[in-house]
Amino acid sequence: MLSDAVPALRCPVCQGLFELREGRPATLACRNGHLFDAAKQGYFNFLTGKGTVFEADTAEMVAARFRFLEGGHYAGLATALAGMAAEALQGPETLVLDAGTGTGHYLRSVIEATGSTAVGMDISKFALRRAARLNPQAANVVWDIWRPLPMADNSVDVVTVVFAPRNPSEFARVLRPGGSLLVVTPRPGHLQEIAARTGMLSIEEGKEERLAESMSGYFDSSASHCLDLPLVLDGNEVADLAFMGPAGHHLQQEQLSGLAASEEPVPATAKFRISVFTAS
């Protein structure tokens, strides 16, 4: 339930504790009088001041991601991630933070597998609208992951990060001792069959080493699992795949129309790595 996640949240203005005031809308009220009303879709926007300098995903990009993921193309990844999270979410009253939750697709699998209390954070309010509908029992919060997280120290059992920004020092702060950080990244060769035609960026060599280096001092690397998913996509699915990621910020509508016009099925292989880190 949403109320179960509230004790782990902190006011982004003063870092005070929240209480949940039920109503329409629900309100998070801190002890110093700062109030955050839920949007009608159920999420809370914690961004204050100037907000963020980073470009959030647009409504169109989020819609493309929702269509692609709900099509089941990455179901194998969601299942694998949920299974690995479940190993670390043993016992009562566990809490998972999905940093960069997007539409909430992967968090839904974790919740279903574990029954854990959940917090989903993303910088895009358009993504959070869908995430809140998909995971109404979670606390869905608009927030910039690069900033200090509005969460209490040692309050989280597992942090999941799927193709999203990583803030190692903050993840280490909010995780309980021995807690787990699960990071999903693409491996070299990921979707290489369609990368050139869609404008998607190729995956650089050495990505795993750079990830491990960024985590050193905060986490111990405990495991790394590779997962390959064979795909056969039609033109519309290829267009959605291209538009739902970083390339979507600069793709033009006519480019997408050209991709969607393809009548031939397009084979490709998604190559993922799930890296597991343990809080030092």
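Summary of the structure given here. (Residues numbered from 1 in each chain as written. Predicted model: local features only at pLDDT ≥ 70, side-chain atom pairs only at ≥ 80, totals over all residues. Heavy atoms only, no water.)

With respect to the overall build of the chain
- Across its full length, the chain holds ten helices and eleven strands.
- Out of the 280 residues belonging to the chain, those deemed buried represent 51%.
- As presented, the chain carries roughly 12,900 Å² of accessible surface, and 50% of it is formed by carbon and sulfur atoms. (Helix = DSSP H or I, 4+ residues; strand = E, 2+ residues; numbered from the N terminus. Buried < 20%, exposed > 50% of the residue type's maximum accessible area, 1.4 Å probe, protein only. Areas by Shrake-Rupley, 256 points an atom, 1.4 Å probe, with all protein chains shown as cover.)

Thoughts on the layout of surface pockets
- Looking at the second largest pocket, its volume works out to about 190 Å³.
- For the second largest pocket, the lining is made up of 14 residues, of which L2, A38, Q41, G42 and P136 are closest to its centre. (1 Å grid on protein atoms, 1.4 Å probe; cavity = no way out; pocket = protein on both sides within 12 Å on 5 of 7 lines; lining within 4 Å. Points joined across faces, edges and corners; volume = space filled by probe spheres on them.)

Considering the environment of R10
- Looking at the secondary structure, you find R10 in the loop between α1 (2-5) and β1 (18-21).
- Residue classification places R10 among the buried positions, given a relative accessible area of 17%.
- For the pair formed by R10 and L28, sequence separation is 18 residues and the distance between their alpha carbons is 9.9 Å.
- Aside from chain neighbours lying at most four places away, what touches R10 is Q15, G16, L17, F18, F46, P150, M151 and A152. (Contact = heavy atoms within 4.5 Å.)

Structural notes on the pattern of salt bridges
- For the structure shown, the criterion picks out eight salt bridges.
- In this structure, R108 engages E70 in a salt bridge whose closest nitrogen and oxygen atoms are separated by 3.2 Å. Of this pair, R108 sits in helix α4 (residues 105-114) while E70 sits in helix α2 (residues 59-70), and the two are 38 residues apart along the sequence.
- Taking the relative accessible area as the measure of exposure, E70 reaches 37% and is therefore partly exposed. (Salt bridge = Lys/Arg side-chain N within 4 Å of Asp/Glu carboxyl O.)

Brief notes about the nonpolar core
- M151 and L181 are the most contacted members of the largest nonpolar core, which totals 40 residues.
- Beyond its immediate sequence surroundings of up to four residues, M151 is in contact with A8, L9, R10, L95, L97, V119, M121, V156, R173 and V174.
- The next biggest cluster of nonpolar side chains, apart from the first, holds 38 residues, and it includes L69, V238, I274 and V276. (Core = buried A, V, L, I, M, F, W, Y, C linked by side-chain atoms within 4.5 Å.)

Some words on the packing of helix α3 (residues 75-88) against α4
- In the contact formed by α3 and α4, the axes pass within 8 Å of each other and the chain directions differ by 45°. Here α3 lies oblique to α4, going by the angle between them. Relative to α4, α3 is oriented so that their crossing is right-handed. Contacts from L77, A78, L81, A82, A85 and A86 in α3 reach H105, Y106, S109, V110, A113 and T114 in α4.
- Taken together, the residues that form the contact of α3 with α4 break down as nine nonpolar, three polar and no charged. (Axes fitted to C-alpha atoms, helices over the stretch in contact; angles between N-to-C directions. Parallel < 35°, antiparallel > 145°, perpendicular 65-115°, else oblique. Left-handed = near helix turned anticlockwise from the far one by under 90°. Nonpolar A, V, L, I, M, F, W, Y, C, P; charged D, E, K, R; others polar.)

Digging into α4
- Here α4 has its buried residues at H105, Y106, L107, S109, V110 and I111.
- Residues of α4 that are buried sit in contact with α2, α3, β5 (95-99), β6 (117-122), α5 (125-134) and β8 (156-162).
- Backbone geometry just after α4 places G115 at a positive phi near 70°.

Re the sheet that holds β1
- What the three strands build is an open sheet, ordered β1-β2-β3; its pairing is antiparallel. Looking at which strands have only one partner, the edges of the open sheet turn out to be β1 and β3 (35-37). On average, adjacent strands in this sheet sit at an angle of 20° to one another, irrespective of strand direction.
- Where strand β2 (residues 27-30) and β3 come together, three bridges link them in antiparallel fashion. (Pairing = 2+ DSSP bridges.)

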